[in-house]
Amino acid sequence: MGSSTKKKKEKKKDFQKPKLKVGKAKPKASNFTDTSFRSKALVLQQQLAENAPNPTERFMHNLSLTSSRSDTQRRDALSYLANQLSTNPPTNPVGTPHLLQMLLPIMSDSSGPVRGQLLKLLRNLPAGEVRPHVEKIMLYIRGAMTNISQEVKDDGLNYMDWLLDVAGEDVVSGAGCWVKPLRDFMSVLGWTVKVVPATTVTAKSGWTSAPRTTFGAKKYGQSFPRQMLVLSKFLEVGFRPGVPTPWTSKDWVNSIGNVPRTPDPFGYLGLFKPPRDEDGEIYRNREDRQDIFQKRFMGAIEDGVDMAKKEGGTAGRAAAALDQALKDGMGDYERTSRLDEEKHLWDGYIM
(Lines give C-alpha, C1' and ligand atoms only; values in the text may rest on other atoms or scores of the structure.)
Protein backbone atom coordinates (compact mmCIF):
# COMPACT_ATOMS: atom_id res chain seq x y z
CA MET A 1 0.00 0.00 0.00
CA GLY A 2 2.71 2.38 1.00
CA SER A 3 4.85 1.78 -2.08
CA SER A 4 1.95 2.32 -4.52
CA THR A 5 1.01 5.62 -2.85
CA LYS A 6 4.60 6.82 -3.03
CA LYS A 7 4.78 6.07 -6.76
CA LYS A 8 1.52 7.93 -7.40
CA LYS A 9 2.85 11.02 -5.59
CA GLU A 10 6.05 10.98 -7.62
CA LYS A 11 4.14 10.75 -10.93
CA LYS A 12 1.80 13.52 -9.83
CA LYS A 13 4.76 15.70 -8.89
CA ASP A 14 6.06 15.64 -12.45
CA PHE A 15 2.86 17.28 -13.74
CA GLN A 16 2.56 19.94 -11.04
CA LYS A 17 3.61 23.53 -11.86
CA PRO A 18 5.97 24.91 -9.22
CA LYS A 19 4.98 28.14 -7.53
CA LEU A 20 7.79 30.70 -7.99
CA LYS A 21 8.36 33.34 -5.35
CA VAL A 22 9.17 36.91 -6.29
CA GLY A 23 12.95 37.56 -6.25
CA LYS A 24 13.88 33.92 -6.09
CA ALA A 25 15.82 32.41 -8.96
CA LYS A 26 14.38 29.58 -10.94
CA PRO A 27 15.76 26.24 -9.80
CA LYS A 28 18.33 24.78 -12.14
CA ALA A 29 17.70 21.53 -13.93
CA SER A 30 19.45 18.39 -12.85
CA ASN A 31 21.40 18.21 -16.11
CA PHE A 32 22.48 21.92 -16.02
CA THR A 33 26.02 22.68 -17.25
CA ASP A 34 27.80 25.88 -16.25
CA THR A 35 29.20 27.59 -19.37
CA SER A 36 30.24 30.91 -17.81
CA PHE A 37 33.94 30.02 -17.58
CA ARG A 38 36.54 31.46 -20.02
CA SER A 39 39.54 29.58 -21.27
CA LYS A 40 42.99 31.17 -21.85
CA ALA A 41 43.56 32.27 -25.45
CA LEU A 42 46.77 32.60 -27.44
CA VAL A 43 46.84 35.76 -29.56
CA LEU A 44 49.17 35.53 -32.56
CA GLN A 45 49.96 38.94 -34.00
CA GLN A 46 50.85 38.10 -37.58
CA GLN A 47 53.48 35.55 -36.57
CA LEU A 48 51.99 33.03 -38.94
CA ALA A 49 51.15 35.42 -41.76
CA GLU A 50 53.28 35.23 -44.87
CA ASN A 51 53.11 39.02 -45.46
CA ALA A 52 54.03 40.09 -41.90
CA PRO A 53 56.12 43.33 -41.87
CA ASN A 54 59.84 42.89 -41.31
CA PRO A 55 61.73 44.75 -38.55
CA THR A 56 62.78 47.51 -40.93
CA GLU A 57 59.20 48.25 -41.94
CA ARG A 58 58.06 48.26 -38.32
CA PHE A 59 60.89 50.64 -37.42
CA MET A 60 59.98 53.00 -40.26
CA HIS A 61 56.29 52.83 -39.31
CA ASN A 62 56.96 53.77 -35.69
CA LEU A 63 59.34 56.50 -36.80
CA SER A 64 56.54 58.03 -38.88
CA LEU A 65 54.23 57.88 -35.83
CA THR A 66 56.52 60.25 -33.92
CA SER A 67 54.84 63.10 -35.81
CA SER A 68 51.33 61.89 -34.94
CA ARG A 69 48.81 64.24 -33.38
CA SER A 70 48.13 61.80 -30.55
CA ASP A 71 50.39 62.08 -27.50
CA THR A 72 49.94 58.38 -26.78
CA GLN A 73 51.02 57.34 -30.26
CA ARG A 74 54.09 59.55 -30.12
CA ARG A 75 55.05 58.19 -26.72
CA ASP A 76 54.54 54.54 -27.71
CA ALA A 77 56.43 55.04 -30.98
CA LEU A 78 59.41 56.56 -29.15
CA SER A 79 59.32 53.73 -26.62
CA TYR A 80 59.48 51.16 -29.44
CA LEU A 81 62.38 52.97 -31.11
CA ALA A 82 64.25 53.20 -27.81
CA ASN A 83 63.84 49.46 -27.27
CA GLN A 84 65.17 48.75 -30.75
CA LEU A 85 68.21 50.94 -30.16
CA SER A 86 68.94 49.28 -26.81
CA THR A 87 69.24 45.78 -28.29
CA ASN A 88 72.58 44.13 -28.99
CA PRO A 89 73.31 44.81 -31.77
CA PRO A 90 71.10 47.90 -32.01
CA THR A 91 68.49 48.08 -34.77
CA ASN A 92 68.66 51.36 -36.67
CA PRO A 93 68.05 50.87 -40.40
CA VAL A 94 67.73 54.62 -41.13
CA GLY A 95 70.96 55.80 -39.49
CA THR A 96 71.55 58.34 -36.74
CA PRO A 97 71.51 61.47 -38.99
CA HIS A 98 68.02 60.75 -40.32
CA LEU A 99 66.83 59.70 -36.87
CA LEU A 100 67.99 62.98 -35.33
CA GLN A 101 66.39 64.97 -38.14
CA MET A 102 63.02 63.39 -37.31
CA LEU A 103 63.28 63.46 -33.51
CA LEU A 104 64.99 66.72 -32.60
CA PRO A 105 61.83 68.87 -33.08
CA ILE A 106 60.14 66.76 -30.37
CA MET A 107 62.43 68.29 -27.72
CA SER A 108 59.90 71.10 -27.28
CA ASP A 109 56.87 68.78 -27.35
CA SER A 110 53.97 69.82 -25.13
CA SER A 111 53.62 66.33 -23.60
CA GLY A 112 55.91 65.45 -20.69
CA PRO A 113 55.85 61.64 -21.23
CA VAL A 114 56.83 62.18 -24.88
CA ARG A 115 59.84 64.29 -23.88
CA GLY A 116 60.81 61.69 -21.29
CA GLN A 117 60.74 58.88 -23.86
CA LEU A 118 62.78 61.01 -26.25
CA LEU A 119 65.48 61.45 -23.61
CA LYS A 120 65.62 57.67 -23.08
CA LEU A 121 65.99 57.19 -26.83
CA LEU A 122 68.78 59.76 -27.13
CA ARG A 123 70.74 58.06 -24.38
CA ASN A 124 70.81 54.88 -26.47
CA LEU A 125 72.45 56.56 -29.47
CA PRO A 126 76.17 55.87 -29.99
CA ALA A 127 78.33 58.79 -28.87
CA GLY A 128 80.51 58.62 -31.97
CA GLU A 129 77.49 59.11 -34.24
CA VAL A 130 76.16 62.04 -32.19
CA ARG A 131 79.33 64.19 -32.18
CA PRO A 132 79.20 65.29 -35.87
CA HIS A 133 75.71 66.76 -35.27
CA VAL A 134 76.41 68.70 -32.07
CA GLU A 135 75.81 72.15 -33.56
CA LYS A 136 72.42 71.13 -34.93
CA ILE A 137 71.42 69.46 -31.66
CA MET A 138 72.40 72.56 -29.71
CA LEU A 139 69.94 74.67 -31.70
CA TYR A 140 67.01 72.54 -30.51
CA ILE A 141 68.34 72.28 -26.95
CA ARG A 142 68.61 76.06 -26.74
CA GLY A 143 65.07 76.32 -28.06
CA ALA A 144 63.84 73.99 -25.31
CA MET A 145 65.81 75.82 -22.60
CA THR A 146 64.24 79.16 -23.51
CA ASN A 147 60.73 77.80 -24.06
CA ILE A 148 57.81 79.62 -22.46
CA SER A 149 56.79 76.45 -20.57
CA GLN A 150 58.75 75.76 -17.40
CA GLU A 151 58.40 71.98 -17.84
CA VAL A 152 59.97 72.19 -21.29
CA LYS A 153 62.78 74.34 -19.86
CA ASP A 154 63.52 71.69 -17.25
CA ASP A 155 63.68 68.96 -19.89
CA GLY A 156 65.92 71.22 -21.97
CA LEU A 157 68.39 71.09 -19.08
CA ASN A 158 68.19 67.29 -19.17
CA TYR A 159 68.99 67.32 -22.88
CA MET A 160 71.96 69.62 -22.23
CA ASP A 161 73.17 67.31 -19.47
CA TRP A 162 72.97 64.33 -21.84
CA LEU A 163 74.86 66.10 -24.62
CA LEU A 164 77.64 67.23 -22.27
CA ASP A 165 78.12 63.61 -21.18
CA VAL A 166 78.18 62.33 -24.76
CA ALA A 167 80.16 65.05 -26.56
CA GLY A 168 81.21 67.69 -24.06
CA GLU A 169 84.38 68.82 -25.83
CA ASP A 170 82.58 69.06 -29.17
CA VAL A 171 79.85 71.16 -27.58
CA VAL A 172 82.05 73.90 -26.13
CA SER A 173 84.29 74.04 -29.22
CA GLY A 174 81.48 74.18 -31.80
CA ALA A 175 80.45 77.26 -33.76
CA GLY A 176 78.08 79.31 -31.62
CA CYS A 177 78.04 76.62 -28.91
CA TRP A 178 79.90 78.57 -26.22
CA VAL A 179 78.67 82.16 -26.07
CA LYS A 180 75.08 81.53 -27.15
CA PRO A 181 74.34 78.81 -24.55
CA LEU A 182 75.92 81.01 -21.87
CA ARG A 183 73.66 83.84 -22.94
CA ASP A 184 70.65 81.51 -22.71
CA PHE A 185 71.70 80.38 -19.23
CA MET A 186 71.94 84.01 -18.14
CA SER A 187 68.50 84.75 -19.54
CA VAL A 188 66.89 81.73 -17.87
CA LEU A 189 68.56 82.44 -14.53
CA GLY A 190 67.57 86.10 -14.68
CA TRP A 191 71.14 87.33 -14.30
CA THR A 192 71.37 89.31 -17.54
CA VAL A 193 70.88 92.83 -16.24
CA LYS A 194 71.20 95.80 -18.55
CA VAL A 195 71.32 99.15 -16.80
CA VAL A 196 69.97 101.97 -18.93
CA PRO A 197 70.16 105.59 -17.66
CA ALA A 198 66.79 107.24 -17.13
CA THR A 199 67.67 110.15 -19.42
CA THR A 200 68.39 107.88 -22.38
CA VAL A 201 65.32 105.66 -22.17
CA THR A 202 63.26 106.06 -25.35
CA ALA A 203 60.64 104.07 -27.17
CA LYS A 204 63.37 102.36 -29.20
CA SER A 205 65.71 101.56 -26.32
CA GLY A 206 65.28 97.79 -26.77
CA TRP A 207 64.74 94.95 -24.32
CA THR A 208 65.88 94.98 -20.71
CA SER A 209 65.81 92.22 -18.14
CA ALA A 210 65.43 92.26 -14.38
CA PRO A 211 67.21 90.13 -11.80
CA ARG A 212 65.50 87.10 -10.36
CA THR A 213 63.57 87.99 -7.22
CA THR A 214 61.59 84.79 -6.51
CA PHE A 215 64.11 82.02 -6.01
CA GLY A 216 61.95 79.81 -3.81
CA ALA A 217 58.81 79.54 -5.91
CA LYS A 218 56.59 76.69 -4.71
CA LYS A 219 55.82 75.14 -8.08
CA TYR A 220 59.22 75.44 -9.74
CA GLY A 221 61.46 75.76 -6.70
CA GLN A 222 63.82 73.04 -7.94
CA SER A 223 64.30 74.55 -11.39
CA PHE A 224 66.64 77.32 -10.25
CA PRO A 225 69.16 75.02 -8.48
CA ARG A 226 69.02 72.61 -11.39
CA GLN A 227 69.83 75.44 -13.82
CA MET A 228 72.88 76.42 -11.78
CA LEU A 229 74.11 72.81 -11.58
CA VAL A 230 73.89 72.32 -15.34
CA LEU A 231 75.61 75.67 -15.87
CA SER A 232 78.43 74.61 -13.56
CA LYS A 233 78.81 71.38 -15.52
CA PHE A 234 78.88 73.36 -18.77
CA LEU A 235 81.62 75.60 -17.39
CA GLU A 236 83.62 72.63 -16.09
CA VAL A 237 83.65 71.11 -19.56
CA GLY A 238 84.52 74.43 -21.19
CA PHE A 239 87.37 75.21 -18.79
CA ARG A 240 88.79 71.70 -18.75
CA PRO A 241 92.49 71.79 -19.66
CA GLY A 242 93.32 70.10 -22.94
CA VAL A 243 95.36 66.91 -22.95
CA PRO A 244 98.73 67.55 -24.65
CA THR A 245 99.49 65.14 -27.46
CA PRO A 246 103.08 64.11 -28.20
CA TRP A 247 104.41 65.56 -31.44
CA THR A 248 107.05 64.19 -33.78
CA SER A 249 108.59 65.44 -36.99
CA LYS A 250 106.43 63.02 -38.99
CA ASP A 251 103.21 64.63 -37.74
CA TRP A 252 103.76 67.69 -39.91
CA VAL A 253 103.80 65.54 -43.05
CA ASN A 254 100.97 63.31 -41.86
CA SER A 255 98.72 66.32 -41.22
CA ILE A 256 99.05 67.28 -44.87
CA GLY A 257 98.53 63.86 -46.44
CA ASN A 258 95.92 62.37 -44.08
CA VAL A 259 92.23 63.17 -43.82
CA PRO A 260 91.40 65.22 -40.67
CA ARG A 261 89.59 63.24 -37.99
CA THR A 262 87.67 66.13 -36.46
CA PRO A 263 84.32 67.24 -37.93
CA ASP A 264 84.54 70.42 -40.01
CA PRO A 265 88.29 70.87 -39.37
CA PHE A 266 88.55 74.08 -41.42
CA GLY A 267 85.26 75.58 -40.28
CA TYR A 268 87.03 78.30 -38.33
CA LEU A 269 88.18 79.81 -41.64
CA GLY A 270 84.57 80.49 -42.68
CA LEU A 271 85.31 79.99 -46.37
CA PHE A 272 81.89 78.69 -47.40
CA LYS A 273 79.74 80.21 -44.65
CA PRO A 274 78.57 83.74 -43.85
CA PRO A 275 80.88 85.71 -41.54
CA ARG A 276 80.31 85.06 -37.85
CA ASP A 277 79.98 87.55 -35.06
CA GLU A 278 81.35 87.15 -31.57
CA ASP A 279 78.42 84.97 -30.48
CA GLY A 280 78.73 82.52 -33.37
CA GLU A 281 82.52 82.27 -33.29
CA ILE A 282 84.41 79.02 -32.69
CA TYR A 283 86.40 78.89 -29.45
CA ARG A 284 88.48 75.76 -29.82
CA ASN A 285 90.88 76.16 -26.88
CA ARG A 286 90.47 76.89 -23.20
CA GLU A 287 92.21 80.27 -23.27
CA ASP A 288 89.84 81.71 -25.88
CA ARG A 289 86.82 80.53 -23.91
CA GLN A 290 88.20 82.04 -20.71
CA ASP A 291 88.84 85.34 -22.45
CA ILE A 292 85.32 85.81 -23.80
CA PHE A 293 83.79 84.54 -20.56
CA GLN A 294 85.75 87.05 -18.48
CA LYS A 295 84.77 89.82 -20.85
CA ARG A 296 81.00 89.21 -20.99
CA PHE A 297 79.72 86.85 -18.27
CA MET A 298 82.08 86.66 -15.29
CA GLY A 299 80.80 89.68 -13.40
CA ALA A 300 77.10 88.91 -13.83
CA ILE A 301 77.51 85.28 -12.77
CA GLU A 302 79.50 86.23 -9.67
CA ASP A 303 76.75 88.65 -8.64
CA GLY A 304 74.09 86.02 -9.22
CA VAL A 305 76.00 83.40 -7.24
CA ASP A 306 76.29 85.79 -4.29
CA MET A 307 72.53 86.41 -4.37
CA ALA A 308 71.78 82.68 -4.52
CA LYS A 309 74.10 81.89 -1.62
CA LYS A 310 72.13 84.24 0.63
CA GLU A 311 68.98 82.22 0.07
CA GLY A 312 70.56 79.00 1.36
CA GLY A 313 68.99 75.57 1.04
CA THR A 314 69.15 73.75 -2.27
CA ALA A 315 69.79 76.96 -4.18
CA GLY A 316 72.66 77.85 -1.87
CA ARG A 317 74.32 74.45 -2.35
CA ALA A 318 73.96 74.70 -6.12
CA ALA A 319 75.43 78.21 -6.01
CA ALA A 320 78.39 76.87 -4.02
CA ALA A 321 79.00 74.23 -6.71
CA LEU A 322 78.84 76.92 -9.40
CA ASP A 323 81.23 79.12 -7.44
CA GLN A 324 83.69 76.24 -7.17
CA ALA A 325 83.47 75.67 -10.93
CA LEU A 326 84.31 79.34 -11.47
CA LYS A 327 87.31 79.16 -9.15
CA ASP A 328 88.63 75.99 -10.79
CA GLY A 329 88.11 77.26 -14.32
CA MET A 330 89.12 80.91 -13.98
CA GLY A 331 91.62 80.74 -11.13
CA ASP A 332 94.61 80.63 -13.47
CA TYR A 333 93.18 83.04 -16.04
CA GLU A 334 95.56 85.61 -17.46
CA ARG A 335 94.62 88.15 -20.09
CA THR A 336 96.50 87.11 -23.20
CA SER A 337 95.14 89.69 -25.62
CA ARG A 338 97.21 92.86 -26.04
CA LEU A 339 94.29 94.83 -27.44
CA ASP A 340 93.09 97.72 -25.27
CA GLU A 341 89.29 97.49 -25.41
CA GLU A 342 88.80 101.14 -24.38
CA LYS A 343 91.34 102.80 -26.70
CA HIS A 344 91.11 100.10 -29.39
CA LEU A 345 94.91 100.08 -29.64
CA TRP A 346 97.47 97.37 -29.11
CA ASP A 347 99.61 97.59 -25.95
CA GLY A 348 103.04 98.89 -26.87
CA TYR A 349 101.76 100.64 -29.97
CA ILE A 350 104.31 103.24 -31.12
CA MET A 351 102.98 106.45 -32.65
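What counts as what
Residues numbered from 1 in each chain as written. Predicted model: local features only at pLDDT ≥ 70, side-chain atom pairs only at ≥ 80, totals over all residues. Heavy atoms only, no water. Helix = DSSP H or I, 4+ residues; strand = E, 2+ residues; numbered from the N terminus. Buried < 20%, exposed > 50% of the residue type's maximum accessible area, 1.4 Å probe, protein only. Contact = heavy atoms within 4.5 Å. Areas by Shrake-Rupley, 256 points an atom, 1.4 Å probe, with all protein chains shown as cover. Salt bridge = Lys/Arg side-chain N within 4 Å of Asp/Glu carboxyl O. Arc of directions from axis to C-beta. Core = buried A, V, L, I, M, F, W, Y, C linked by side-chain atoms within 4.5 Å. Axes fitted to C-alpha atoms, helices over the stretch in contact; angles between N-to-C directions. Parallel < 35°, antiparallel > 145°, perpendicular 65-115°, else oblique. Left-handed = near helix turned anticlockwise from the far one by under 90°. Phe/Tyr/Trp six-rings, centres within 6.5 Å; stacked < 30°, edge-to-face > 60°. pLDDT = per-residue confidence, 0-100.

Draft legend 1. Focus on the overall build of the protein chain. Broken down by element type, the protein chain carries 14 helices and 2 strands. Residues counted as buried form 31% of the 351 residues belonging to the protein chain. In the protein chain, once contacts between residues fewer than 6 apart in sequence are set aside, the share between residues at least 24 apart is 69%. Here the protein chain has roughly 24,000 Å² of accessible surface; of this, 54% comes from carbon and sulfur atoms.

Draft legend 2. View of the pattern of salt bridges. All chains considered together, the criterion is met by 15 salt bridges. Put simply, arginine 74 and aspartate 71 hold a salt bridge, and the shortest N to O gap is 2.4 Å. Note that arginine 74 and aspartate 71 are positioned in helix 3 (residues 71-85) at a spacing of 3 residues, about one turn of the helix. Accessibility expressed as a relative area gives 8% for arginine 74, which makes it buried. Bridged by salt links that share partners, the residues Asp161, Asp165, Arg226 and Lys233 form one connected network.

Draft legend 3. Quick peek at helix 4 (residues 96-103). All of the buried residues along helix 4 are Thr96, Leu99, Leu100 and Leu103. Burial along helix 4 is one-sided: seen end-on, the buried residues are contained in an arc of 95°. Elements in contact with the buried residues of helix 4: helix 2 (55-65), helix 3, helix 5 (112-123), helix 6 (127-130) and helix 7 (134-145).

Draft legend 4. The arrangement of the side chain of glutamine 117 in detail. Relative to the elements of secondary structure, glutamine 117 occurs in helix 5. Other than its neighbours up to four places away in sequence, glutamine 117 contacts Arg75, Leu78 and Ser79.

Draft legend 5. The environment of proline 97, seen in detail. Its location among the elements puts proline 97 in helix 4. A relative accessible area of 47% means that proline 97 is categorised as partly exposed. Remark: the alpha-carbon pair of proline 97 and valine 130, spanning 33 residues in sequence, is separated by 8.3 Å.

Draft legend 6. Structural context of the environment of valine 171. Tracing the chain through its elements places valine 171 in helix 8 (residues 150-172). Judged by its relative accessible area of 0%, valine 171 falls in the buried class. Separated by 63 residues in sequence, valine 171 and phenylalanine 234 place their C-alpha atoms 9.1 Å apart. In this structure, valine 171 is in contact with Val134, Met138, Leu163, Leu164, Cys177 and Phe234, ignoring residues within four places of it in sequence.

Draft legend 7. How the structure looks around the nonpolar core. By size, the foremost hydrophobic cluster in this structure holds 65 residues, and its most contacted members are Trp178, Trp191, Met228, Phe293 and Ile301. Residue contributions to this core peak at 10 residues, all from helix 8. Among residues more than four places away in sequence, those in contact with tryptophan 191 are Met186, Phe224, Met228, Leu231, Ala300, Ile301, Gly304, Val305 and Leu322.

Draft legend 8. Spotlight on the packing of helix 7 against helix 8. At a minimum axis distance of 8 Å, the contact between helix 7 and helix 8 shows a crossing angle of 155°. Between helix 7 and helix 8, the angle falls in the class roughly antiparallel. Both helix 7 and helix 8 take part in a crossing whose hand is left-handed. Within the contact between the two elements, helix 7 uses Val134, Ile137, Met138, Ile141, Ala144 and Met145 and helix 8 uses Val152, Lys153, Gly156, Leu157, Tyr159, Met160, Trp162, Leu163, Ala167, Asp170 and Val171.

Draft legend 9. Expanded view of the packing of aromatic side chains. In the structure shown here, the tally under the stated rule is 6 aromatic pairs. Measuring from ring centre to ring centre gives 5.9 Å for phenylalanine 185 and phenylalanine 234, while their planes differ by 45°; the resulting arrangement is tilted. Placement of phenylalanine 185 in helix 9 (residues 179-189) and of phenylalanine 234 in helix 10 (residues 223-238) is noted, with a sequence separation of 49 residues between them. For the ring pair tryptophan 191 and phenylalanine 224, a centre distance of 6.3 Å and an interplane angle of 85° mean the geometry is edge-to-face. A residue pair is termed long-range when its members are at least 10 positions apart, and tryptophan 191 in the loop between helix 9 and helix 10 and phenylalanine 224 in helix 10 qualify at 33 residues. A relative accessible area of 5% places tryptophan 191 in the buried class. Take phenylalanine 224: its relative accessible area is 2%, and that puts it in the buried class. Taken together, the ring pairs in this structure connect Trp178, Phe185, Phe234, Phe239, Phe293 and Phe297 into an aromatic cluster.

Draft legend 10. Main features of the confidence of the model for the protein chain. Per-chain confidence: the protein chain averages 80 in pLDDT, with 77% of residues scoring 70 or above. In this model residues 193-220 is a low-confidence stretch, pLDDT under 50, and it forms 26 contacts with partners more than four residues away in sequence or in other chains. Scored below 50 in pLDDT, residues 344-351 makes 10 contacts in the model with residues more than four places away or belonging to other chains.

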